[in-house]
Amino acid sequence: MFPQLSRVERVNELGGSTKGHAGAGSSNFVEWEALEREHRAYAFLARCCLSTTAGDCISEAIIASSTDNYPEESICNTLEPRDRVARTASYWSSKGQKNPAVPETLTYRLIADLCVVTEIKIRPFQAYFQFGYPIYSAKSVRFRMGHIKDADESCQDSECVLFKNLYKSSDNIQFFT
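Keep in mind it's a predicted model, so treat the numbers as computed, not measured.

Calculation rules
- Residues numbered from 1 in each chain as written.
- Predicted model: local features only at pLDDT ≥ 70, side-chain atom pairs only at ≥ 80, totals over all residues.
- Heavy atoms only, no water.
- Helix = DSSP H or I, 4+ residues; strand = E, 2+ residues; numbered from the N terminus.
- Contact = heavy atoms within 4.5 Å.
- Areas by Shrake-Rupley, 256 points an atom, 1.4 Å probe, with all protein chains shown as cover.
- Salt bridge = Lys/Arg side-chain N within 4 Å of Asp/Glu carboxyl O.
- Buried < 20%, exposed > 50% of the residue type's maximum accessible area, 1.4 Å probe, protein only.
- Patch = residues over 30% accessible without salt bridge, like charges linked within 9 Å, V, L, I, M, F, W, Y side chains within 5 Å.
- Phe/Tyr/Trp six-rings, centres within 6.5 Å; stacked < 30°, edge-to-face > 60°.
- pLDDT = per-residue confidence, 0-100.

Caption draft 1: Examining the overall build of the protein more closely. Secondary structure summary: the protein contains one helix and 10 strands in total. Sequence-ordered secondary structure for the protein, helices as α and strands as β, is α-β-β-β-β-β-β-β-β-β-β. Contacts in the protein between residues far apart in sequence, at least 24 positions, make up 58% of those at least 6 positions apart. Of the roughly 14600 Å² of accessible surface on the protein, a fraction of 53% belongs to carbon and sulfur atoms.

Quick look at the structure:
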């Protein structure tokens, strides 16, 4: 039903039963329990996917690592599909850094605990009000998807203080202009 799910690496059933029968000891029984767990998880995911209509998964913009001219160039502008709103350009602009290796981040809240993200759209900003209409785009991007960490979870990585990453793109996606 959902070919994009063929790339799922693992299935975790939160709150699921992991107990086995004492004395069962059969590897067939353990394998059968694992298959049942995966079936329940995939059946739940399929029901959620079938009951949801395609649309925007973002409910709100949470925070940007920096903003050059707040509120005119705020992260909220990234939720606007139009380039201009009431004759004003609609875009997010970071303060920028001298060191291009310093990352800028945008954090969003999704509309539900379970969302299937099939597409991410990035539109570079074209300054229609500047001579030559220059395009300002990122050199590269990386995507991370996760959730707010539980209070009892610890994190060794300085970048994930508040969030537990469940997916992180392996390489920066390069843009060429």
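Caption draft 2: Molecular detail of the pattern of salt bridges. In this structure the tally under the stated criterion is three salt bridges. Residue Glu60 pairs with Arg109 through a salt bridge whose shortest N-O separation is 2.6 Å. You can see Glu60 sitting in strand β1 (residues 58-64) and its partner Arg109 sitting in strand β4 (residues 106-110), a full 49 residues away along the chain. Judged by its relative accessible area of 39%, Arg109 is partly exposed. A salt bridge links Asp83 to Arg123, with the nearest nitrogen and oxygen atoms 2.9 Å apart. Of this pair, Asp83 sits in the loop between β1 and β2 (84-85) while Arg123 sits in the loop between β4 and β5 (125-126), and the two are 40 residues apart along the sequence. The class of Asp83 is partly exposed, set by a relative accessible area of 45%.

Caption draft 3: Structural view of the environment of Arg142. Within the fold, Arg142 resides in the loop between β7 (140-141) and β8 (144-148). Residue Arg142 is classed as partly exposed on the basis of its relative accessible area of 36%. Each C-alpha atom of the pair Arg142 and Ser169 lies 5.9 Å from the other, and the pair is 27 residues apart in sequence.

Caption draft 4: Spotlight on a nonpolar patch on the surface. On the surface, Leu110, Val117, Ile120, Ile122 and Met145 cluster together into a nonpolar patch covering about 370 Å² of accessible area. You can see Leu110 is positioned in strand β4.

Caption draft 5: Geometry of the packing of aromatic side chains. For the structure shown, the criterion picks out three aromatic pairs. Here Tyr91 and Phe125 contribute two aromatic rings whose centre-to-centre distance is 3.9 Å and whose plane-to-plane angle is 25 degrees, an arrangement assigned as stacked. Of this pair, Tyr91 sits in the loop between β3 (88-89) and β4 while Phe125 sits in strand β5, and the two are 34 residues apart along the sequence. Taken individually, Tyr91 and Phe125 each receive the classification buried, so the pair is uniform in this respect. A ring pair is formed by Phe125 and Phe129, whose centres lie 6.1 Å apart and whose planes are at 45 degrees; its orientation type is tilted. Exposure remark for Phe129: the relative accessible area of 44% places this residue in the partly exposed category. Taken together, Tyr91, Phe125, Tyr128 and Phe129 form an aromatic cluster joined through their ring pairs.

Caption draft 6: A look at the confidence of the model for the protein. On average, residues of the protein score 76 in pLDDT, and 66% of them are at 70 or above. Averaged pLDDT values for the elements of the protein fall to 58 in strand β10 (residues 173-174) and rise to 90 in β1.

Caption draft 7: Seen up close, unusual backbone geometry. Note that the residue after Tyr70, namely Pro71, is joined by a cis bond; omega there is 5 degrees. Inspection of the secondary structure puts Pro71 in the loop between β1 and β2. Unlike most non-glycine residues, Tyr133 shows phi in positive territory, near 50 degrees. Its location among the elements puts Tyr133 in the loop between β5 and β6 (135-136).

Caption draft 8: Representation of the environment of Ala89 within the structure. Relative to the elements of secondary structure, Ala89 occurs in strand β3. The exposure class assigned to Ala89 is buried, which follows from its relative accessible area of 12%. For the pair formed by Ala89 and Glu73, sequence separation is 16 residues and the distance between their alpha carbons is 8.6 Å. In this structure Ala89 touches Asp83, Arg84, Phe125, Tyr128 and Phe129, once residues within four positions along its chain are discounted.

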